[in-house]
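What follows is each chain in one-letter form.
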Amino acid sequence: MTPKLLVSRRIRATPYTPRIESLGVSGYSVVNHTILPKAFRRSVVEDYRHLKEHVQLWDVGCQRQVELCGPDAAWLTQFMTPRDLRRAQPGQCLYAPMVDDRGGMLNDPIILKLAEDHFWLSISDSDILLWAKGLATGMRLNVAIDEPDVWPLSVQGPKSDDLMARIFGDTVRDIRYFGFEKLKFHDHLHIVARSGYSKQGGFEIYPAKPALGLELWDALWKAGSNLNVAPGSPNLIERVESGLLSYGNDMTRENNPFECALDRFCQLDGSFDFIGRDALRKIASDGVRQIIRGVLFDGDACPPCRKPWLVMAGTRQVGMVTSAIWSPRFKNNVALAMISKDYCISGASVRVQIPGHGNRPGRIMPLPFSGPECPANEPGQI
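Residues numbered from 1 in each chain as written. Predicted model: local features only at pLDDT ≥ 70, side-chain atom pairs only at ≥ 80, totals over all residues. Heavy atoms only, no water.

The next point concerns the sheet that holds strand S12 (residues 180–185). Within the open sheet, the 6 strands sit side by side as S12-S13-S14-S11-S3-S15. Their pairing is mixed. Among the strands making up the open sheet, the edge pair consists of S12 and strand S15 (229–232). Neighbour-to-neighbour, the strand axes of this sheet turn through a mean angle of 30°, independent of strand direction. One ladder, built from 4 bridges, connects strand S3 (residues 55–59) with strand S11 (residues 153–156); its direction is antiparallel. The residue bridging Gln56 from the neighbouring strand is Gln156, located in S11. Docked against the sheet, helix H5 (residues 160–168) engages S3, S11, S12, strand S13 (188–193), strand S14 (202–206) and S15, running at close to 35° with respect to S14. Along the sheet, helix H6 (residues 213–223) contacts S3, S11, S12, S14 and S15; its crossing angle with S3, the most-contacted strand, is approximately 165°. (Pairing = 2+ DSSP bridges. Helix = DSSP H or I, 4+ residues; strand = E, 2+ residues; numbered from the N terminus. Axes fitted to C-alpha atoms, helices over the stretch in contact; angles between N-to-C directions. Contact = heavy atoms within 4.5 Å.)

Listed below in structure tokens is the structure:
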């Protein structure tokens, strides 16, 4: 008998779960104590091709919001990230690494600035709500912190603009990348952001009320009938090819933003204070030992990478694969890996050790993987 995930109040379903189950979901993961659909009846390759050609609805209710509101909300939000938020405007989304006092990654949310004193942190998989509450309590800040009853729904794929315009009007086409607007559906205003966990274009919708979630899903589904709409979820092939990192898989609290190639989101000049600033300054000064890179390696489709695989150069370990999948685009396996800094040279030869499946020859690649020039025989400094 195949083990099943039993959902209780500790592992939450979402408003979209009834539709997801009726459409043949075949696998879940758990993110932020909430189920995340991960697979449907079609294969991961079929899903990948559909995502790149059509449009999908994703139940991303697991993408919980940490709400900061009040006189000290802007200060606390800034204190939690090395990214400079001071010029951010209401209606803007900002990707922002969050670190601890050692500079270790705690989360990498999208921050939505709703007003000068009102923010949502749309988090990946860690308990940032408790971190924010602890900071606010310990520092006696005047800020209300909560998890609002908001269940995001994602529309992803090249036809997403056409589908969204059928529900929200052509105004949706004018939303800038990583911006959001409040648009009307069933006499309620919903936050609609041009964002999402793919590189195929799309939107994330934050319904005004949970009860409207299914109505919104059904309206999008009906409107997309001639656009080949389908249920979907973050696709591992597309994610790895695009170089999109997954917190808890490709980076953890043991990694810092510089190892994760997030340098551009770290301002260390002292013009504002944030947790871990001194630690990140020291790391920047001393240099890191490893950096996230791509690896292209040979052979048949690799098994799931449930634990990191060793990356070898001769007899020396030079890194660890954290996510891997066979790519129909490159006719090879593609992977994300933490690679020793002194070996981060595009085209450098490596071997990937897959337990129970032997060694696979491969090459170090820049991220994202791109174009037919990606084959492993083209060296060059990254």
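Moving on, we come to the environment of Asn142. Tracing the backbone shows Asn142 in the loop between helix H4 (128–138) and strand S10 (144–146). Excluding residues that lie within four positions of it along the chain, Asn142 makes contacts with Gly70, Pro71 and Asp72.

Take a nonpolar patch on the surface next. A grouping of Leu5, Val7 and Val30 is seen on the molecular surface, where their side chains present a nonpolar patch of about 210 Å² in accessible area. Position of Val30 relative to the elements: it lies in strand S1 (residues 27–31). A relative accessible area of 31% means that Val30 is categorised as partly exposed. (Patch = residues over 30% accessible without salt bridge, like charges linked within 9 Å, V, L, I, M, F, W, Y side chains within 5 Å. Areas by Shrake-Rupley, 256 points an atom, 1.4 Å probe, with all protein chains shown as cover. Salt bridge = Lys/Arg side-chain N within 4 Å of Asp/Glu carboxyl O. Buried < 20%, exposed > 50% of the residue type's maximum accessible area, 1.4 Å probe, protein only.)

Our focus in this paragraph is the pattern of salt bridges. According to the stated counting rule, one finds 15 salt bridges in the structure shown. In this structure, Arg253 and Asp100 form a salt bridge, with 3.9 Å as the shortest nitrogen-oxygen distance. Taken as a pair, Arg253 in the loop between helix H7 (236–242) and helix H8 (277–286) and Asp100 in the loop between strand S6 (98–99) and strand S7 (105–107) lie far apart in primary sequence, 153 residues in all. Arg253 sits in the partly exposed class, given a relative accessible area of 42%. With a relative accessible area of 5%, Asp100 lands in the buried category. Across the salt bridge formed by Arg173 and Asp170, the nearest N and O atoms sit 3.1 Å from each other. When its relative accessible area of 52% is taken as the criterion, Asp170 is described as exposed. What you see here is one network of salt bridges that share partners, running through Arg12, Arg64 and Glu147.

Spatial ordering of the closed barrel is given by S16-S19-S18-S17-S21-S22, a layout of 6 strands whose pairing is antiparallel. Each strand of the sheet is rotated relative to its neighbour by a mean of 40°, with strand direction disregarded. Taken together, the 3 bridges between strand S17 (residues 309–313) and strand S21 (residues 349–354) define a ladder with antiparallel strand orientation. Within S21, the position partnered with Leu310 by the bridge is Gln353.

What follows deals with the environment of Gln290. By the element assignment, Gln290 lies in strand S16 (residues 290–297). Judged by its relative accessible area of 24%, Gln290 is partly exposed. In this structure, Gln290 is in contact with Asn255, Glu259, Met338, Ile339, Ser340 and Lys341, ignoring residues within four places of it in sequence. Here the side chain of Gln290 touches Glu259 through a polar contact of 3.4 Å, side chain to side chain. (Polar contact = N/O pair within 3.5 Å; in protein donor to acceptor, adjacent residues only side chain to side chain.)

So, about the pairing of strand S22 (residues 358–365). As defined by bridge partners, S16 adjoins S22 across 4 bridges and the pair is classed as antiparallel. Looking at S22, one finds that Phe297 is bridged to Gly362. Connecting S21 to the next strand, S22, in antiparallel fashion are 3 residues, including Gly356 with a positive phi near 80°.

This next bit is on H6. Those residues of H6 lying buried are Gly213, Leu216, Trp217, Leu220 and Ala223. The buried side chains of H6 occupy one side of the element, clustering within an arc of 140° when seen end-on. Lining the buried residues of H6 we find helix H1 (17–22), S3, S11, H5, S12 and S14. (Arc of directions from axis to C-beta.)

Next up on the list: the side chain of Asn32. Looking at where Asn32 falls in the secondary structure, it is placed in the loop between S1 and strand S2 (34–39). Judged by relative accessible area, Asn32 falls into the buried class, the value being 4%. A distance of 3.1 Å separates a polar side-chain atom of Asn32 from the backbone oxygen of Ser124. Excluding residues that lie within four positions of it along the chain, Asn32 makes contacts with Arg12, Cys62, Arg64, Ile123, Ser124, Asp125 and Ser126.

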